[in-house]
Amino acid sequence: MRITLIGSGNVATHLAAAFKNAGHRLVQVYSPNMQNAAMLGYHVGAAAIDNLKDIDSETDIFIIAVKDDVIKEIVPQLSPFKKLIVHTSGAVELQMLLNSTVDAGAFYPLQTFSKTKELNFWDVPMCIEGATEEITRQLEELARTISNNVYRVNSAQRKILHLSAVFACNFTNHLYAVSEALLKEHDMSFDMLRPLILETADKIKAHPPATVQTGPAVRKDEQTMQAHLQMLDGKDELQQIYLLLSQDIIKNSNTGNRDS
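Residues numbered from 1 in each chain as written. Predicted model: local features only at pLDDT ≥ 70, side-chain atom pairs only at ≥ 80, totals over all residues. Heavy atoms only, no water.

Peer 1: For this particular structure, what's the right way to read the pairing of strand β7 (residues 125–130)?
Peer 2: Along a regular strand, successive side chains alternate from one face of the sheet to the other. In terms of burial, β7 is a largely internal element, 5 of the 6 residues being buried. Taken together, the 4 bridges between β7 and strand β8 (residues 149–152) define a ladder with parallel strand orientation. Bridging from a neighbouring strand, Cys127 pairs with Tyr151 of β8. With helix α5 (residues 133–143) bridging β7 and the parallel β8, this β-α-β connection has right-handed handedness. (Buried < 20%, exposed > 50% of the residue type's maximum accessible area, 1.4 Å probe, protein only. Helix = DSSP H or I, 4+ residues; strand = E, 2+ residues; numbered from the N terminus. Pairing = 2+ DSSP bridges. Right-handed = clockwise from strand over helix to strand, strands pointing away.)

In structure tokens, the structure reads:
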């Protein structure tokens, strides 16, 4: 397909590479920052533009990979071209596009992306939604050229997926950062926690997360939890996070196991 990417950030960068490797033609890359557009365009053989007035109409699909709040501003500028327009957001309903065009869809890669970190796109779940059955099939075909995991997911389901991903990925990563900061305060390295983190992630490959929960909260070890809270004295926000998470673990625990 002839593809025009609207955006040059993390998602756009990985999608562009995947499309290029699959043999698709990247027509243009748009970014309000010409340097960013040019850099990505150079790597995938696409023309760089920093003004939507310079859009080339000789494309099959516009893929919008920008901040959620900007999507509604961009779609009306693309709809006059009468091409398929899709966004890559987990949180934006398809209706936002349908307010401006009937040729609309969602092309949501359920993964965390960083420009500097390579990943195997074939493993990335692609969540597809189209305004019509024909568009849905077209997006499925496109997705299967870059991923082995393609799912039909409607707007409501996609928003729940995105919410779940925030808990599983974004909040978890923030807690890693909190842990690192606590260790640095006491001249210790975050490297000491990496094997623990990897083992925790490895467990859920074969088990539901709730069944492999460990720690003082699931053991209802009140003395240890109180000691932890005292160690966080003066860090009110972290105390609140610790309490909320511990209380939720206790509430959802179905085990009386006192082992670690």
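Peer 1: Where do I start with the packing of aromatic side chains in this structure?
Peer 2: The relation between two aromatic rings is expressed through the spacing of the ring centres and the mutual angle of the planes. One pass over the structure, following the stated rule, counts 5 aromatic pairs. Ring centres 5.9 Å apart and planes at 15° place the aromatic pair Phe113 and Phe121 in the stacked group. Judged by its relative accessible area of 7%, Phe121 is buried. Note on Phe167 and Phe171: the rings are 5.1 Å apart at their centroids and 85° apart in plane angle, and the pair reads as edge-to-face. Of the two residues, Phe167 and Phe171 are both situated in helix α6 (residues 155–185); the distance of 4 residues between them amounts to about one turn of the helix. Assessed through its relative accessible area of 52%, Phe167 is described here as exposed. (Phe/Tyr/Trp six-rings, centres within 6.5 Å; stacked < 30°, edge-to-face > 60°.)

Peer 1: What should I look at first to understand the environment of Gln240 in this one?
Peer 2: Position of Gln240 among the secondary structure elements: in helix α10 (residues 236–252). Its relative accessible area of 52% is what places Gln240 among the exposed residues. Considered as a pair, Gln240 and Leu229 are 11 residues apart in the sequence and their alpha carbons are 9.2 Å apart.

Peer 1: Just checking my understanding: could you explain the packing of helix α9 (residues 222–231) against α10 for this structure?
Peer 2: Two packed helices can be described by the angle between their axes and the distance between those axes. Across the interface, α9 lies against α10 with an axial gap of 10 Å and an inter-helix angle of 160°. Taken as axis vectors, α9 and α10 run roughly antiparallel relative to one another. Crossing geometry of α9 relative to α10 is assigned as right-handed. Touching Thr224, Met225, His228 and Leu229 of α9 are Gln239, Tyr242, Leu243, Ser246 and Ile250, all from α10. For the contact of α9 with α10, the class distribution of residues is 5 nonpolar, 4 polar and no charged. (Axes fitted to C-alpha atoms, helices over the stretch in contact; angles between N-to-C directions. Parallel < 35°, antiparallel > 145°, perpendicular 65-115°, else oblique. Left-handed = near helix turned anticlockwise from the far one by under 90°. Contact = heavy atoms within 4.5 Å. Nonpolar A, V, L, I, M, F, W, Y, C, P; charged D, E, K, R; others polar.)

Peer 1: Is there a simple way to explain a nonpolar patch on the surface in this structure?
Peer 2: A cluster of nonpolar residues, Ile160, Leu163, Phe167 and Phe171, forms a patch on the protein surface that exposes about 420 Å² of accessible area. Taking the relative accessible area as the measure of exposure, Phe171 reaches 42% and is therefore partly exposed. (Patch = residues over 30% accessible without salt bridge, like charges linked within 9 Å, V, L, I, M, F, W, Y side chains within 5 Å. Areas by Shrake-Rupley, 256 points an atom, 1.4 Å probe, with all protein chains shown as cover. Salt bridge = Lys/Arg side-chain N within 4 Å of Asp/Glu carboxyl O.)

Peer 1: In this structure, what is going on with the nonpolar core? I would like to understand it.
Peer 2: A general tendency of soluble globular proteins is for nonpolar side chains to be buried together. Phe19, Ile61, Ile63, Phe107, Phe121, Met126 and Leu139 are the most contacted members of the largest nonpolar core, which has 30 residues in total. Elements with a minimum of two residues in this core: β1 (2–6), α1 (10–21), β2 (25–30), α2 (34–44), β4 (61–64), β5 (84–87), β7 and α5. Look past the residues within four positions of Met126 in its chain and what remains in contact with it is Phe107, Tyr108, Pro109, Phe121, Ala143, Ser147, Asn149, Val150 and Tyr151. Tyr30, Ile71, Val75 and Leu78 belong to the second-largest nonpolar core, a separate cluster that totals 16 residues. (Core = buried A, V, L, I, M, F, W, Y, C linked by side-chain atoms within 4.5 Å.)

Peer 1: Quick question: what am I supposed to make of α5 here?
Peer 2: One turn of the α-helix equals 3.6 residues, which is why residues spaced by three or four share an orientation. Taken residue by residue, α5 has Ile135, Thr136, Leu139, Glu140, Leu142 and Ala143 as its buried positions. The buried side chains of α5 occupy one side of the element, clustering within an arc of 160° when seen end-on. Exposed residues on α5 whose side chains face more than 90 degrees from its buried face are Glu134 and Glu141. (Arc of directions from axis to C-beta.)

Peer 1: What is the right way to look at the sheet that holds β7 in this model?
Peer 2: Sheet strands pair by backbone hydrogen bonding; their relative direction is either parallel or antiparallel. Strand order across the open sheet formed by 8 strands is β3-β2-β1-β4-β5-β6-β7-β8, with mixed pairing between neighbours. Two strands close off the open sheet at either side, each with one partner strand: β3 (47–49) and β8. Taken over all neighbouring pairs, the strand axes of this sheet differ in orientation by 25° on average, direction set aside. Two strands pair when backbone bridges link them, and strand β6 (residues 104–109) and β7 are joined in this way by 5 bridges, in the antiparallel orientation. Across the sheet, Phe107 pairs through a bridge with Ile128, a residue of β7. Along the sheet, α2 contacts β2 and β3; its crossing angle with β2, the most-contacted strand, is approximately 170°.

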